[in-house]
Amino acid sequence: MVRAGREPLIIEDLTTNDFTKEMDVTKSLGGGSLIGVPINFRSGENFGTLCGMDSRPHHFSEDHVALMKSMANLLGNVLELDRAQTSIETLSVPLVPISSEVAILPIIGDVDNERTERIIETTLAHSVKKNLEYILLDLSGLIDIDESNMSNLLKISKSLDLVGVHMIITGIRPQLALRAIQSDSDLEDITVRSNLEQALDYIGYKLVKET
């Protein structure tokens, strides 16, 4: 059960509540009680619900409710820290060289303003330093990005052109393609291929399995 919002759900008798009296779990238990407190991130986004159940009808006191709220708040803080750590780990820009002229830039996770700037800066600096000819921007692992950052990400292609590097985009899913169109980006001069194998084939590389 996911309880949206911030107020707890309290049902002291499952058999008399309109929401639960016809549920299979109520019939299976033969009755009972339930308290559900939402676990939210600081942004207000709901993660899930911390639930407490009893096989008998039960009156939940103010102390019970306060304890459940404190536990849900603690879990929300732990999850917030975990999300922040994950964001820090994915903030890096892992350019993967596959030859002296070609590197792959896989984008994994969410992309916000800070990460977009980091991607652009690192990509340009690495391209010049390593004297690359091609960068394959793989978006197959991209989870979410807004229209503004999508537009900025696609502008990397024009910046790379100025330093003599050609960018090829791979792994762009239908929803990302729609986001790119909605961002009013100029896609005419951007090379797009379905996957990395096709992109490598485009620039004259072949994947050969060793026997």
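See the structure printed just above.
The paragraphs below set out a description of the structure included in this document. These numbers were taken from a predicted model, which means no experiment stands behind them.

### Thoughts on the packing of helix α4 (residues 147-154) against helix α6 (residues 174-182)
And then number 1: One way to put it is that α4 packs onto α6 with a least axis distance of 8 Å and a crossing angle of 85 degrees. In terms of their interaxial angle, α4 and α6 are classed as roughly perpendicular. For the pair formed by α4 and α6, the contact residues are Glu147, Met150 and Leu154 on the first element and Leu176, Arg179, Ala180 and Gln182 on the second.
And then number 2: Class assignment of the residues belonging to the contact of α4 with α6 gives a composition of four nonpolar, one polar and two charged.

### Focus on a nonpolar patch on the surface
And then number 1: On the surface, Val25, Leu29 and Met53 cluster together into a nonpolar patch covering about 270 Å² of accessible area.
And then number 2: For Leu29, the location among the structural elements is in helix α1 (residues 24-29).
And then number 3: According to the relative accessible area criterion, Leu29 is partly exposed, its value standing at 40%.

### Observations regarding the packing of aromatic side chains
And then number 1: Summed over the entire model, instances satisfying the criterion amount to one aromatic pair.
And then number 2: Note on Phe41 and Phe47: the rings are 6.1 Å apart at their centroids and 85 degrees apart in plane angle, and the pair reads as edge-to-face.

### Some points on the pairing of strand β6 (residues 134-145)
And then number 1: Pairing between strand β5 (residues 102-111) and β6: nine bridges, direction parallel. In the sheet register, Val102 faces β6, and the bridge partner there is Tyr134.
And then number 2: Between the parallel elements β5 and β6, the chain passes through helix α3 (residues 113-130) in a crossover that is right-handed.
And then number 3: Examined bridge by bridge, β6 and strand β7 (residues 166-170) share five bridges and lie parallel to one another. Residue pairing across strands places Leu136 opposite Ile168, the latter belonging to β7.

Rules used throughout
- Residues numbered from 1 in each chain as written.
- Predicted model: local features only at pLDDT ≥ 70, side-chain atom pairs only at ≥ 80, totals over all residues.
- Heavy atoms only, no water.
- Axes fitted to C-alpha atoms, helices over the stretch in contact; angles between N-to-C directions.
- Helix = DSSP H or I, 4+ residues; strand = E, 2+ residues; numbered from the N terminus.
- Parallel < 35°, antiparallel > 145°, perpendicular 65-115°, else oblique.
- Contact = heavy atoms within 4.5 Å.
- Nonpolar A, V, L, I, M, F, W, Y, C, P; charged D, E, K, R; others polar.
- Patch = residues over 30% accessible without salt bridge, like charges linked within 9 Å, V, L, I, M, F, W, Y side chains within 5 Å.
- Areas by Shrake-Rupley, 256 points an atom, 1.4 Å probe, with all protein chains shown as cover.
- Salt bridge = Lys/Arg side-chain N within 4 Å of Asp/Glu carboxyl O.
- Buried < 20%, exposed > 50% of the residue type's maximum accessible area, 1.4 Å probe, protein only.
- Phe/Tyr/Trp six-rings, centres within 6.5 Å; stacked < 30°, edge-to-face > 60°.
- Pairing = 2+ DSSP bridges.
- Right-handed = clockwise from strand over helix to strand, strands pointing away.

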